[in-house]
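Summary of the model geometry
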Amino acid sequence: MGYSDMIIFIMEIVGTVAFAASGAMTGIQKRMDLFGVNVLGVTTAVGGGLIRDLILGLNPPVMFQNPRYALTAVITSTVLFIFMYVRAGVHTGRHAKMREILLFVGDTIGLGIFTVVGSHTAVTAGYGDNRFLLVFVGVMTGVGGGMLRDVLAGNMPYILVKHVYAVASLSGALVYVLLLPYLSGLSCMMAGAVAVMLIRILAAYYRWNLPRIP
């Protein structure tokens, strides 16, 4: 495994942990049991990658070829469940705030990483000249897991209502694609991921949202 491949693998593991944590926190908020929390954690962590592989025709999808991502999601979800279970009833207000912070941080990191990983996977699959596909696959990889999580949890999908979520993913994918002719793939991924996270943080801080009918 080369240097770039190692960095990308680390990014994928970090993104998997982040998305699994956000999925698990949603399950905990919904008062799901350990199994339900793990289902939401795994779905959030690998759901976007599953959609990506189906679009690109990569069969079987990576999550079945290499179970380490699903296993990482299970471990993350279980550890988080145990921690919250042990601490249940202690400083309830503080825990509610911590759950919100964990959900936001996990979603932000996971969205940034998986958006650019999705676009990069499309490039390595031989679709580097199809910019529309690169952007589309990047966005679907970034938001797909969270969308499946919200559907399973009975929530309005996060991408439709919260802090320009899908717009942040779209911006990161565009940064990756536009920089690709000039920089290495890894540098483009870093720039795209940072763009997504920065937009998410600014949107949350300044309460940015797209216009809606009151």
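It should be emphasised that the depicted structure is a prediction, and the values quoted were computed from it without experimental measurement. (Residues numbered from 1 in each chain as written. Predicted model: local features only at pLDDT ≥ 70, side-chain atom pairs only at ≥ 80, totals over all residues. Heavy atoms only, no water.)

1. Looking at the packing of helix 1 (residues 3-29) against helix 9 (residues 185-206)
Just so we agree on the cut-off: To obtain each axis, a line is fitted to C-alpha atoms, and for helices this fit is confined to the stretch in contact; angles are then taken between N-to-C directions over 0 to 180 degrees. Helical segments are the DSSP runs of H or I of at least four residues, strand segments are the runs of E of at least two, and each set is numbered from the N terminus. Note on terminology: angles under 35 degrees are roughly parallel, angles over 145 are roughly antiparallel, angles of 65 to 115 are roughly perpendicular, and the others are oblique. A clockwise turn of the near helix away from the far one marks a right-handed crossing, whereas an anticlockwise turn of less than a right angle marks a left-handed crossing. Working rule for contacts: check all heavy atoms of both residues, and any pair within 4.5 Å makes them a contact.
The N-to-C vectors of helix 1 and helix 9 enclose an angle of 25 degrees; their axes lie 10 Å apart at closest approach. Compared by their axis directions, helix 1 and helix 9 come out roughly parallel. Note on packing geometry: the crossing formed by helix 1 with helix 9 is left-handed. Two secondary-structure elements touch here, helix 1 through Y3, S4, I7, I8 and M11 and helix 9 through L186, M189 and M190.

2. Some points on the packing of helix 1 against helix 6 (residues 131-153)
Filter applied, for reference: In this count, Pro and Cys sit with the nonpolar residues alongside Ala, Val, Leu, Ile, Met, Phe, Trp and Tyr, while Asp, Glu, Lys and Arg are called charged and the others, Gly among them, polar.
For the pair helix 1 and helix 6, interaxial distance at closest approach is 10 Å and the crossing angle is 15 degrees. Classified by the interaxial angle, the pair formed by helix 1 and helix 6 is roughly parallel. For the pair helix 1 and helix 6, the sense of crossing is right-handed. Contacts between helix 1 and helix 6 involve F19, S22, G23 and T26 from the former and G142, R149 and A153 from the latter. The class makeup of the residues in the contact of helix 1 with helix 6 is two nonpolar, four polar and one charged.

3. Here we look at the confidence of the model for the protein chain
Which entries qualify depends on this criterion: Scored from 0 to 100, pLDDT reflects the predictor's confidence in each residue.
Across the protein chain, pLDDT averages 91, with 96% of residues at or above 70. Averaged pLDDT values over the elements of the protein chain bottom out at 78 in helix 7 (residues 158-161) and peak at 96 in helix 2 (residues 34-56).

4. Some points on the nonpolar core
Stated precisely, the cut-off is as follows: Only buried residues count toward a nonpolar core, which is a set of Ala, Val, Leu, Ile, Met, Phe, Trp, Tyr and Cys residues joined through side-chain atoms within 4.5 Å. Accessibility here uses a 1.4 Å probe with only protein chains present; expressed as a share of the type maximum, an area under 20% marks a residue as buried, one over 50% as exposed, and anything in between as partly exposed.
Core analysis: the largest hydrophobic core is formed by 36 residues, its most contacted members being L111 and M189. Among the secondary structure elements, those contributing two or more residues to this core are helix 1, helix 2, helix 4 (68-86), helix 5 (92-127), helix 6, helix 8 (165-179) and helix 9. Contact partners of L111, with chain neighbours within four places excluded, come to F19, G142, V143, Y165, A168, S169, V196 and R200. Counting eight residues, the second-largest nonpolar core is a separate cluster that includes A21, I28, V37 and L80.

5. Quick word on the packing of aromatic side chains
As a reminder, the rule being used: Any Phe, Tyr or Trp ring, taking Trp's six-membered ring, that has another such ring centre within 6.5 Å forms a pair; planes under 30 degrees apart are called stacked, those over 60 apart edge-to-face, and the others tilted.
Applying the stated criterion to the full structure yields five aromatic pairs. Pairing F19 with F114 gives two aromatic rings, centres 5.6 Å apart and planes at 0 degrees, and the pair type is stacked. With a gap of 95 residues between them, F19 in helix 1 and F114 in helix 5 connect regions that are remote in the sequence. Measuring from ring centre to ring centre gives 6.0 Å for F81 and Y85, while their planes differ by 20 degrees; the resulting arrangement is stacked. Taken together, the residues F81 and Y85, both in helix 4 and four residues apart, mark about one turn of the helix. On the basis of relative accessible area, F81 is assigned to the buried category, the value being 17%. On the basis of relative accessible area, Y85 is assigned to the exposed category, the value being 62%. Three or more aromatic residues joined by ring pairs make a cluster, and in this case those are Y205, Y206 and W208.

6. Notes on the pattern of salt bridges
Note the following rule: What makes a salt bridge here is a side-chain nitrogen of Lys or Arg within 4 Å of a carboxyl oxygen of Asp or Glu, nothing more.
For the coordinates displayed, the defined rule picks out three salt bridges. Here D107 makes a salt bridge to R149, at a shortest N to O gap of 3.0 Å. Remark: R149 occurs in helix 6 and D107 occurs in helix 5; sequence separation between them is 42 residues. Taken individually, D107 and R149 each receive the classification buried, so the pair is uniform in this respect. Residues R149 and D150 are paired through a salt bridge, measuring 3.0 Å at the closest nitrogen-oxygen approach. Here R149 and D150 have matching classes, each one buried. When salt bridges with common partners are traced through the structure, they connect D107, R149 and D150 into a single cluster.

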